[in-house]
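# Analysis of the macromolecular model
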Amino acid sequence: MPKPTKGARLGGGPAHERLLLANLAAALFTHKSITTTETKAKRLRPFAERLVTFAKRGDLHARRRVLSVIGDKSVVHELFAEIAPLVAEREGGYTRITKVGNRKGDNAPMAVIELVLEPVTPKAKSSKKAAPAAAAPAAEEPAAEETEAETPAEDAADAGAESPEEGAAAEATAEDAVASDDEKADEAK
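Read on for an overview of the structure. These figures come from a predicted structure and were not determined experimentally. Along each chain, residue indices are assigned from 1 in the same order as the chain's sequence is written. Reporting of local features is limited, given that this is a predicted model, to residues whose pLDDT is at least 70; pairs of side-chain atoms are given and counted only at 80 or more, and all residues count toward the totals for whole chains, interfaces and linings. To obtain the side-chain values, all non-hydrogen atoms of the structure were included, while hydrogens and water were left out.

The secondary structure listing takes helices from DSSP runs of H or I that are at least 4 residues long and strands from runs of E that are at least 2 residues long, numbered from the N terminus. Secondary structure summary: the protein contains seven helices and three strands in total. Along its sequence from the N terminus, the protein presents helices and strands in the succession α-β-α-α-α-β-β-α-α-α. The burial tally for the protein puts 25% of its 189 residues in the buried class. Surface exposure of the protein reaches about 13,300 Å², of which carbon and sulfur atoms provide 55%. Here the term buried applies to any residue with accessible area under 20% of the maximum for its type, exposed to any over 50%, and partly exposed to those in between, with areas from a 1.4 Å probe on protein chains only. Under the convention used here, a 1.4 Å probe and the Shrake-Rupley method define accessible areas, while residue burial counts only the protein chains that appear.

Encoded structure:
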């Protein structure tokens, strides 16, 4: 048996709270968005998300468990047939609470709780993790031998030299590399 929440109930005893949350959940699934007090919205969120999780399972046992809580077959059918396929790729966070200010009559803090039905977009990997991963394979590749068709000026242009001094330094490095490769080839003969 679940342990009852501590503190004051939402307008009455535990049975009244269960019925109140069931009615709020039914209204949320019917209208996709409802305006209520912040306290009720915060209490409704885990309750509604659990019912959506049952709907994602989609089997008969899950349907009967949700039906025992909500009691309205049309709302349960809408939850299983329309809402569950829309959130099938989502791993949680089926609801969103937005604070909208205070109610005019009693100054109670109000909030809009709505279902998040937008498709999930895959997150791109952060650049911090992607940069070392891209650098590691480049370091492991063996250096390719330069062909004689390439000139040191082309190497400097390919290297993306930004200033004439850097270009000259790159040319000198390329010429030294070609000379050392030629010397190694002569020694191998």
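What follows is about the pattern of salt bridges. When a carboxyl oxygen of Asp or Glu is within 4 Å of a side-chain nitrogen of Lys or Arg, the pair counts as a salt bridge. Counted under the stated rule, the structure contains seven salt bridges. Ionic pairing is found between arginine 57 and aspartate 59, a salt bridge with its closest N-O pair at 3.6 Å. On the basis of relative accessibility, which here comes to 46%, the residue arginine 57 falls in the partly exposed class. Between glutamate 118 and arginine 96 there is a salt bridge, with its nearest N and O atoms 3.3 Å apart.

This part is about the side chain of arginine 90. Mapped onto the elements of the fold, arginine 90 is located in the loop between helix H4 (73-86) and strand E2 (95-102). Buried arginine 90, no salt bridge; nearest opposite-charge side chain is glutamate 118, N-O distance 4.8 Å. For arginine 90, the side chain forms a polar contact with the main-chain oxygen of glutamate 118, separated by 2.8 Å. We call two residues in contact when some of their heavy atoms are within 4.5 Å. When near neighbours in sequence (up to four residues on either side) are disregarded, arginine 90 contacts Lys56, Val116, Glu118, Pro119 and Val120. The sign given to each residue is positive for Lys and Arg and negative for Asp and Glu; His and the chain ends receive no count. Pairs of N or O atoms are called polar contacts if they sit within 3.5 Å, as long as, within protein, a hydrogen donor faces a hydrogen acceptor (for residues adjacent in sequence, only side-chain-to-side-chain pairs).

This brings us to unusual backbone geometry. With phi around 70°, lysine 32 is a residue other than glycine that occupies positive phi space. Mapped onto the elements, lysine 32 comes out in the loop between helix H1 (14-31) and strand E1 (33-37). According to the relative accessible area criterion, lysine 32 is partly exposed, its value standing at 23%. Residues other than glycine seldom take positive phi values, yet asparagine 107 does so here, at roughly 65°. Within the secondary structure, asparagine 107 sits in the loop between E2 and strand E3 (109-115).

In this description, strands pair whenever DSSP reports at least two bridges between them. Taken in spatial order, the three strands make up an open sheet running E1-E3-E2, and their pairing is antiparallel. The open sheet has two edge strands, E1 and E2, and neither has a second partner. The mean angle between the axes of side-by-side strands here comes to 25°, regardless of whether they run parallel or antiparallel. Sheet topology places E2 next to E3; seven bridges connect them, and they run antiparallel. By the bridge assignment for E3, threonine 98 is matched with valine 112. Here an angle of 0 to 180 degrees is reported between the N-to-C directions of two axes, which are lines fitted to C-alpha atoms, with helices fitted over the stretch in contact.

For H4, which comprises 14 residues, the first-to-last C-alpha distance of 20 Å matches the rise-based estimate of 20 Å (1.5 Å per residue) to within 8%. Two axes define the bend at a residue: one fitted to the seven residues ending there, one fitted to the seven starting there, and the bend is the angle between them. In the structure, H4 departs most strongly from a straight axis at leucine 79, where the bend amounts to approximately 30°. Where H4 is buried, its residues meet H1, helix H2 (38-57), helix H3 (60-70) and E3. Residue count minus one, scaled by 1.5 Å, sets the expected span of a helix.

This brings us to the environment of threonine 98. Note on placement: threonine 98 falls in strand E2. With residues near it in sequence (within four places) discarded, threonine 98 still touches Ala111, Val112 and Glu114.

This part covers the packing of H1 against H2. Where H1 meets H2, the closest approach of the two axes is 9 Å, and the angle between their N-to-C directions is 70°. Classified by the interaxial angle, the pair formed by H1 and H2 is roughly perpendicular. For the pair H1 and H2, the crossing hand works out as right-handed. Every residue of H2 that contacts H1 at Glu17, Leu20, Leu21, Ala22, Leu24, Ala25, Leu28 and Phe29 is listed here: Lys40, Arg43, Leu44, Phe47, Ala48, Leu51 and Val52. Basically, the charged four are Asp, Glu, Lys and Arg, the nonpolar ten are Ala, Val, Leu, Ile, Met, Phe, Trp, Tyr, Cys and Pro, and anything else, Gly included, counts as polar. Split into classes, the residues belonging to the contact of H1 with H2 amount to twelve nonpolar, no polar and three charged. Any angle from 65 to 115 degrees is called roughly perpendicular, while one under 35 is roughly parallel, one over 145 is roughly antiparallel, and all others are oblique. Should the near helix be turned counterclockwise from the far one by less than a right angle, the crossing is left-handed, whereas a clockwise turn marks it as right-handed.

Just geometry here; none of it tells us what the structure is for.
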